[in-house]
Amino acid sequence: MTAGELASVKRLSDWNHDRLLSLAESHRTPLYVLDLDRIEANYKRFTTAFPDADVMYAAKAHTGQAVLSQLLDAGATIECAAAGELKRAIRAGADPNNLQYTAVNPPAEDLDYAASLGADYPGLTITGGARDTFDRLAERGYDGRVAIRVNPGIGTGHHEKVATGKDAKFGIPYGEVQEVAADLRDQFDLVGLHAHMGSGVLHDDLDAHCEAIAKVADLAATVGDLEFVDIGGGFGVPYREDESPLDLAVVSDRVREAVDGLDATLKLEPGRYIVADAELILTRVNTIKEAPSTTVVGVDASIATLVRPAMFGSYHPIRNITAPNRENSPVSIGGPCCTSADVFATNRPIAKPTRDDILAIGNAGAYGYELASQFHSQPRPAEVTLSGDVVRRRETLDDVLRVEEEAQ
Ligand SMILES: *Cc1c(COP(=O)(O)O)cnc(C)c1O
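Residue positions are given per chain, counted from 1 along the sequence in the order it is written. For a predicted model such as this one, the threshold for reporting local features is a pLDDT of at least 70, and the threshold for listing and counting side-chain atom pairs is 80 or more; totals across whole chains, interfaces and linings nevertheless cover every residue. Side-chain measures were taken over the full set of non-hydrogen atoms in the model, leaving aside hydrogen atoms and water.

### Here we look at the domain arrangement of the protein chain
Domain ranges listed in this record stem from an automatic or a database domain assignment. Taken domain by domain, the protein chain comprises domain 1 (36-270) and domain 2 (277-405). A separation of 31 Å is found between the C-alpha centroids of domain 1 and domain 2. By definition in these notes, contact holds between two residues if any of their heavy atoms fall within 4.5 Å. With 20 residues of domain 1 at the interface, the matching set in domain 2 holds 19 residues. Buried area adds together the accessible area that both of two parts lose upon being put together, with accessible area traced by a 1.4 Å probe. Between domain 1 and domain 2, roughly 1,700 Å² of surface is buried when both sides are summed, and carbon and sulfur atoms account for 50% of that area. For domain 1, the biggest contributors to the area lost against domain 2 are Ala61, His62 and Tyr239; these three give 35% of the whole. Take a side-chain nitrogen of Lys or Arg and a carboxyl oxygen of Asp or Glu: if they are within 4 Å of each other, that pair is a salt bridge. One can count one salt bridge joining domain 1 with domain 2. Salt-bridge contacts for aspartate 277 lead to arginine 38; the nearest nitrogen and oxygen are separated by 2.8 Å.

### Some words on unusual backbone geometry
Working note: non-glycine residues mostly have negative phi, and peptide bonds are mostly trans. Omega for the bond connecting threonine 29 with proline 30 falls within 30 degrees of zero, at -10°, which places this linkage in the cis form. In this description a helix means any DSSP run of H or I spanning at least four residues, a strand means any run of E spanning at least two, and both kinds are numbered starting from the N terminus. With respect to the helices, strands and loops of the structure, proline 30 is situated in the loop between helix H2 (17-27) and strand S1 (31-34). For arginine 28, which is not glycine, the phi dihedral falls at a positive 65°. As for its placement among the helices and strands, arginine 28 is situated in the loop between H2 and S1. Summary of the burial criterion: residues with accessible area below 20% of their type's maximum are buried, those above 50% are exposed, and those between are partly exposed, where the area comes from a 1.4 Å probe applied to protein chains only. Assessed through its relative accessible area of 54%, arginine 28 is described here as exposed. In this model, tyrosine 367 sits at a positive phi of 55°, which is unusual for a non-glycine residue. Residue placement: tyrosine 367 occurs in the loop between strand S18 (358-361) and strand S19 (382-385).

Following this line, the structure appears as structure tokens:
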């Protein structure tokens, strides 16, 4: 393993630019480039920081089969938030007995599938965040392992849209958990409490995050007789070049302090942390326009390729990898979609782009391809590994049209 892989953050400047340029030539753009070794390194760094905890990868950040297989090979177990993710994890080789399914307002088909999976694989754990979800499981004859998702009343994270810990949508209200737990024990094997407070937690959010964790640990002591307390994911990564990465040793100490005396296994479910900096997007400059207010750089990636900037106002680092040493110049970078939300950066200084340059958009591994769409009839991009294996081929217009043509 190289020093870069051990480092706790992989910045755009750490990627081999010649390699990236050659991938852009052979596979066209926009292109997702995945560093599978980095995913494994992130997972190992995380598990090393929490040696006696049970670390599950929260698949929804990136459900690519290549990612799931890499993590399964490294010994990870997988947390799924939908039936489709359970099926994907199993296809990638996961033992259903080790899977955990976190049901949030689960559609009937999802519960049907999870209940039947649980009948065949008694190790499956299903987490519910509403009494009604447990009733629906019981109606399906499910009597296996369950965990209660707790709403601790404290949410944390990089954006209000991901601060789930205080959102009424998620979890059973703190004050009701004890009673629900007692009721559930008659029907199910109650094995844990679960809470996922939000996403993108960095050092500034740690106090609130650990306060919520401590509340859940206190509750676990009252409920008693539990196999695990799952404190979810939400561990942040630096998106800005000058932001420092989470010091996992500090996080681990703080978490340990928050769950001090806990008589159950600590479980964590990082998603973003494992995959964010292990993938970037390569995009080609197609248009340069000197507008009175700014220089507009048109690229072939768009809101359909990466929606996070438009959806969450997220910052993603961008580097001109064709000419990283050119003089910096403030530019606004946007894609070919007819909405003013289709913008990756506004007046951001980068090495001045010219037409045909390749730009890299960093930290695209978490909720990147996962949220990609076919907006504007744009086929979704290919995804290749650093070694050049195509793990998702580029879609064609036929792929986009198929669901309509097959309907006829
Ligand atoms: C989304 C999610 C995670 C992972 O969140 P990250 O911010 O990607 O770490 C973990 N657990 C549950 C239940 C989730 O919904």
